[in-house]
Amino acid sequence: MQKEAPEKERQDTELWQGRYGRMRETEKSVLLHREQKDSSIILKHSVLIPVIPDDSSQKADVGRSQKPEPSKGPPLSPRTSSEYPSLPITKNKEELVSFIESNSVVIIRGATGSGKTTQLPQFILDHYNEKNALCNIVVTQPRKIGATSIARWVAAQRKCTLGSLVGYQVALEKMATEHTRLIYMTTGVLLQKLVLAKSLTEYSHIFVDEVHERTEDMDFLLLVLRKLLHSNSRHVKIILMSATINCREFADYFATPIWGKMSPAYVFEVEGAPYTIEEFYLDDLQKLFPYRIEPPYPDDLMISPKMYDLAISLIQNFDEIEGKDFSKAQKDGGLTLSERGSVLVFLPGIHEIRCMQETLAKLVHQRLQIYPLHSSVTLEEQNGVFFSPVPGYRKVILSTNIAESSVTVPDVKYVIDFCLARRLVCDKDTNYQSLLLTWASKTNCNQRKGRAGRVSKGYCYRLVTKDFWTNEIPEYMIPEMQLVPLSTILLKVKLLNMGDPRSLLSTALSPPNLVDIVRTVLQLIEMGALSAKTDGKTQSEDGELTFLGRVLAHLPVDLYLGKMIVLGHVFGCLDECLIIAASHSLKSFFAIPAIQQLAGHRSKLAFARGVPSDSMAFVNAFKAWYSARKKGELRHPKDELSWGRENFIQIRRIREVAELYEDLKKRVSQFNMHVPEEPPSPHNSSKHRQTFILLVVIAGAFYPNYFFQQETDDRQACKELMGLNPQTTVMVKNLPPYSFLYYKQLQSLFRLCGQVKTISFDCSRAYVEFHRTSKDSGVLPEVTLSLLMANKGFRRELSIYPSEQIEICAGRRAITHLRFSRYSSVIIQLLFELNM
Ligand SMILES: Nc1ncnc2c1ncn2[C@@H]1O[C@H](COP(=O)(O)OP(=O)(O)OP(=O)(O)O)[C@@H](O)[C@H]1O
């Protein structure tokens, strides 16, 4: 043991020499002391002086990667520290700059609003300007609204035109020139750029903000950064930032080998927060309300009308709260609160936003200015939330997680959080990718809370109990890469075009389960999303991405549904295929209430219009709802609800389908697939043709997942049904003796399915024939309903007559053997059989 100590000391010294290069002894001891506490080094107010990194290990690649050249662009208008706003991060400016300049990868954690996003990139910008050196900084943001609003704010702070020194790029919109030195970009845009360039060297510094948001894009970006940093872009600085990050995980992921040992990336903690934010839970709100507040249940993922009411009452209560604050503020220093603080409410989706908006809109006298904020709102409309409210009005922003991180709406004082989120997950029941309602994680909720308390004290109201928060709300969200099907991940990894999928994916921060990779590649080849590799080698784990595969990688639906959309475009039924894909991706919007199951099925069958297909029912029901809305017939929520009740359609669900339908429509338009504005109204014969084509498209898309129905032997079916038409008749077997006695009971039973024409009997069998009321040929919906009734196990009771009664009914017929039978008053299950 004693002998090992000096050896360890030597290794440690070597490690330090390698890691910190030419650092002064005193500095090393400060750092060493801190490192012993935690192997992922966390620095708090460290005393680092700029050092030149010892990059002897990097020399081999110097020729391939480019160091930024001296400045050639326009003057950068340097700023002095006194000009920086007084934010927690400002006091760490010098340390942070030297820290970033002396390490390839740095992780920065600091409270929400501490100045990471807006200030830190500017520190670097000014540092380079002071040295008269060129830098090119990119900062990623998870969403467009963050990238654009932050760029606008930073440009205003630097008193420069947006798009000159400071700019942004989101999707196809770019506000930047070749002179731009600090650009804010969405994570997806940077990912695409890097994948095309296969190098990081366009930038001197890459800031990945809100790195806790583990979307597929984020994890792919981290994977690409790590790969390129270690290959051809060693001089580029990478800075990962978040307020709610598991530093250890990221530090280990970006570990670098130093003297044969993996050394985790450096972590810097910015201390302090701009303002305090008080937290409240349902328990704390109880005293505000006269009724008992029901706590949520873990599996009860919905917002009940009571919870909406509670949130609304809370908003109404803010006037009172502010009144109290106002008197306190006056006492403290004579301050005046002239404005009513804005409220930011986090809801899981557009439907919930609409529900709350409709209720709030009724409170006319409350002088509320309401802003819905979600992905379907245009960027211009989104920017409206940043404007000051009309004096005397309270701004209420109803937002999805779009405003969860990054953004600063300066006047937001209150955050109300239902702690819910909609996430793209692989549904266990259907195995389809779908947007499901889930509890948000503590990380997400803390980000939401951080939207208040940025320019003044804030308040956060979580509409769950404290107990629920502690025990049921998960700490972190599961990374998307582990939730979506492997086939989707494989297509995305093929888009990166950076090597074979298995080795690339195994280097991800949270790799997906790759056990099924061979089978999944085969499935993708079979469906035409990948073509077999043509380089001569047997490639069971890889293939070339086809056009179809490229489209599928951009659609948030199951791959077979995605293929159906593409085929729909080819065969002129894109709109219908988009509806089907959206409907199958979410929970069915058809309501089949327990007490009216048959009525629910009947309505669905009516929408299917004689085609035995759920997909057709979805298309026709959706179109009926859509056109009724377009004509303004469902303008009032009450009308829409009663339309839903009449047609057995759940309005909330069909609205969600509409959301996804619009989203898919937008996504496929990038590939030049457009739904015609006004489809020509086809006459009857071509309507049938269209339906036939659509059915062929569905079958083609789901190949090989379909089966052939056996040829039906009509003659045999007719024979079994005593010559009756199998399309209008069902047969009931196993009836008790003297089956004719049950005529009335059977009649009332089958009346639930439709209008009964005749019932004929043959021993223990009965043949129930329905009326054909329309001119349509084919199997009657009544027949299908009868089958459903049998197959779904609807237990129907048939009261067996006691022997005495049978004797009376049977008249002179011999019934002696029944006296001893055990049939009396048993419940029998009917068996229906349809022969076609
Ligand atoms: N648009 C704006 N209007 C007014 N003040 C702003 C604006 N944007 C930023 N600020 C101020 O700058 C501070 C720092 O914001 P910044 O976005 O840099 O913080 P952050 O640490 O990145 O926060 P987060 O972790 O929430 O992204 C805010 O707390 C606020 O005081």
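All values reported here derive from a predicted model rather than from experimental measurement. (Residues numbered from 1 in each chain as written. Predicted model: local features only at pLDDT ≥ 70, side-chain atom pairs only at ≥ 80, totals over all residues. Heavy atoms only, no water.)

Enquirer: For this particular structure, what's the right way to read the overall build of the protein?
Expert: Summing up its helical and strand segments, the protein has 29 helices and 25 strands in all. By residue count, 52% of the 836 residues in the protein fall in the buried class. Once local pairs closer than 6 in sequence are excluded, the contacts in the protein between residues at least 24 apart make up 73%. When the accessible surface of the protein is split by element, carbon and sulfur atoms take 53% of a total near 40800 Å². (Helix = DSSP H or I, 4+ residues; strand = E, 2+ residues; numbered from the N terminus. Buried < 20%, exposed > 50% of the residue type's maximum accessible area, 1.4 Å probe, protein only. Contact = heavy atoms within 4.5 Å. Areas by Shrake-Rupley, 256 points an atom, 1.4 Å probe, with all protein chains shown as cover.)

Enquirer: Help me out: how do you make sense of a negative patch on the surface in this one?
Expert: On the surface, a cluster of negative charge is made up of D283, D284, D467 and E472. Mapped onto the secondary structure, D283 falls in helix 9 (residues 282-285). (Patch = residues over 30% accessible without salt bridge, like charges linked within 9 Å, V, L, I, M, F, W, Y side chains within 5 Å. Salt bridge = Lys/Arg side-chain N within 4 Å of Asp/Glu carboxyl O. Lys, Arg positive; Asp, Glu negative; His and termini not counted. Charge placed at Lys NZ, Arg CZ, Asp CG, Glu CD.)

Enquirer: Would you mind showing me how to read the state of the cysteines here?
Expert: Every disulfide links exactly two cysteines, by a covalent bond between their sulfur atoms. One pass over the full model with this rule turns up 0 disulfides. A disulfide-free cysteine, C355 has its sulfur positioned 18 Å from the sulfur of C419, the nearest such atom. For C445, which is in no disulfide, the shortest distance to another cysteine sulfur is to C419 and amounts to 4.0 Å. (Disulfide = S-S within 2.5 Å.)

Enquirer: Even after reading the chapter, I still don't get the site of the ligand, so can you show me in this structure?
Expert: In the vicinity of the ligand, 17 residues are found, and the nearest of them are G113, K116, T117, T118 and R451. Within the backbone of S114, one N or O atom sits 3.1 Å away from an oxygen atom of the ligand. Notes on the ligand: free accessible area 630 Å², of which the protein chains cover 91%. Counting residues per element, the shell around the ligand draws most heavily on helix 4 (residues 116-130), at 3 residues. Class assignment of the residues belonging to the shell around the ligand gives a composition of 5 nonpolar, 8 polar and 4 charged. (Near = heavy atom within 4 Å. Polar contact = N/O pair within 3.5 Å; in protein donor to acceptor, adjacent residues only side chain to side chain. Nonpolar A, V, L, I, M, F, W, Y, C, P; charged D, E, K, R; others polar.)

Enquirer: Can you walk me through the packing of helix 21 (residues 597-608) against helix 22 (residues 614-630) in this structure?
Expert: Contact pair helix 21 / helix 22: the axes reach a minimum separation of 7 Å and the direction vectors enclose 85°. Classified by the interaxial angle, the pair formed by helix 21 and helix 22 is roughly perpendicular. Contacts between helix 21 and helix 22 involve K604, F607 and A608 from the first element and D614, M616, A617, N620, A621 and A624 from the second. Looking at the contact of helix 21 with helix 22, its residues break down into 6 nonpolar, 1 polar and 2 charged. (Axes fitted to C-alpha atoms, helices over the stretch in contact; angles between N-to-C directions. Parallel < 35°, antiparallel > 145°, perpendicular 65-115°, else oblique.)

Enquirer: Help me understand the pattern of salt bridges in this model?
Expert: Oppositely charged side chains can form a pair if their charged atoms are brought close together. For the coordinates displayed, the defined rule picks out 28 salt bridges. Taking the shortest distance from any N to any O, the salt bridge between R394 and D319 comes out at 2.7 Å. With a gap of 75 residues between them, R394 in strand 15 (residues 394-399) and D319 in helix 10 (residues 305-333) connect regions that are remote in the sequence. With relative accessibility at 0%, the residue R394 sits in the buried group. Across the pair K442 and E475 runs a salt bridge whose closest N-O atoms are separated by 3.7 Å. With K442 in helix 13 (residues 442-449) and E475 in the loop between helix 14 (466-471) and helix 15 (486-496), the pair connects residues that are 33 residues apart, well separated along the chain. The exposure class assigned to K442 is buried, which follows from its relative accessible area of 12%. Note on E475: relative accessible area 47%, which makes it partly exposed.

Enquirer: When you look at helix 23 (residues 637-647) in this model, what are you seeing that I'm missing?
Expert: Structural remark: α-helix, 3.6 residues per turn; residues separated by three or four positions point the same way. The complete set of buried residues in helix 23 reads E640, W643, G644 and N647. Buried residues of helix 23 fall within an arc of 100° about the axis and therefore sit on the same side. Facing away from the buried side of helix 23 by more than 90 degrees, the exposed set consists of K638, R645 and E646. Looking at the buried side of helix 23, the elements it contacts are helix 21, helix 22 and helix 24 (651-669). Positive backbone phi, approximately 55°, marks F648, located one or two places after helix 23. (Arc of directions from axis to C-beta.)

Enquirer: Quick question: what am I supposed to make of the UniProt feature "domain: Helicase ATP-binding" (unreviewed entry) in the protein here?
Expert: Per the UniProt record, the feature "domain: Helicase ATP-binding" (unreviewed entry) sits at residues 97-263. A distance of 21 Å separates the end C-alpha atoms of residues 97-263, which is 41% helix and 24% strand. (UniProt positions renumbered as here; feature names shortened; annotations may be inferred.)

Enquirer: Whenever I open this one, unusual backbone geometry confuses me. Can you help?
Expert: Most peptide bonds take the trans form, and the phi angle of most residues other than glycine is negative. The backbone of S406 shows a phi angle near 70°, a positive value even though the residue is not glycine. As for its position among the elements, S406 is in the loop between strand 15 and strand 16 (412-417). Phi is positive for N497, which is not a glycine, with a value near 55°. Tracing the backbone shows N497 in the loop between helix 15 and helix 16 (501-505).

Enquirer: Would you mind going over the packing of aromatic side chains with me for this structure?
Expert: Remark: the centre distance and the inter-plane angle together describe each pair of aromatic rings, the angle taken between the planes. Scanning the model with the defined rule gives 25 aromatic pairs in all. When the ring of Y281 is compared with that of W469, the centres are 6.0 Å apart and the planes differ by 50°; the resulting orientation is tilted. One end of the pair, Y281, is in the loop between strand 12 (277-280) and helix 9; the other, W469, is in helix 14, with 188 residues separating them in the sequence. Across this residue pair, the class does not change: Y281 and W469 are buried. In textbook terms, an aromatic cluster arises when at least three aromatic residues are bridged by ring pairs, as seen for F280, F318, Y414, Y459 and Y461. Sitting above the plane of the W469 ring, K442 keeps its charged end 5.7 Å from the centroid. The ring of W469 carries R462 above its face, with NZ or CZ at 3.9 Å from the centroid. (Phe/Tyr/Trp six-rings, centres within 6.5 Å; stacked < 30°, edge-to-face > 60°. Lys NZ or Arg CZ within 6 Å of the ring centre and 35° of its normal.)

Enquirer: Any chance you could explain the sheet that holds strand 12 here in plain terms?
Expert: Strand pairing in a sheet relies on backbone hydrogen bonds, with the paired strands running either antiparallel or parallel. A sheet is described by the order of its strands in space; here 6 strands give the open sequence 12-19-16-13-15-14, paired in parallel fashion. Each edge of the sheet is formed by a strand with only one pairing partner; in this case those strands are strand 12 and strand 14 (368-373). The sheet shows a mean angle of 15° between the axes of neighbouring strands, taken without regard to direction. Pairing of strand 13 (residues 342-346) with strand 15, which is carried by 4 bridges, proceeds in the parallel orientation. Within strand 15, the position partnered with L344 by the bridge is I397. (Pairing = 2+ DSSP bridges.)

Enquirer: Whenever I open this one, the nonpolar core confuses me. Can you help?
Expert: Across soluble globular proteins, nonpolar side chains show a tendency to be buried alongside one another. Counting residues in hydrophobic clusters, the biggest one holds 111 residues, and the most contacted among them are L496 and M564. Of the residues forming this core, the biggest block, 9 residues, is contributed by helix 7 (residues 216-231). Among residues more than four places away in sequence, those in contact with L496 are L191, V195, K198, F220, L223, V224 and L504. (Core = buried A, V, L, I, M, F, W, Y, C linked by side-chain atoms within 4.5 Å.)

Enquirer: Explain a nonpolar patch on the surface here, please?
Expert: A cluster of nonpolar residues, Y703, Y706 and F708, forms a patch on the protein surface that exposes about 380 Å² of accessible area. As for its position among the elements, Y706 is in the loop between helix 25 (684-702) and helix 26 (714-720). Of the residues examined, Y706 reaches a relative accessible area of 40% and is grouped as partly exposed.

Enquirer: Would you mind going over the pairing of strand 3 (residues 137-141) with me for this structure?
Expert: Consecutive side chains along a regular strand alternate between the two faces of the sheet. In terms of burial, strand 3 is largely enclosed, as 5 of its 5 residues are buried. Bridging between strand 3 and strand 7 (residues 205-208) involves 4 bridges; their strand directions are parallel. Across the sheet, residue T140 finds its bridge partner in strand 7, namely V208.

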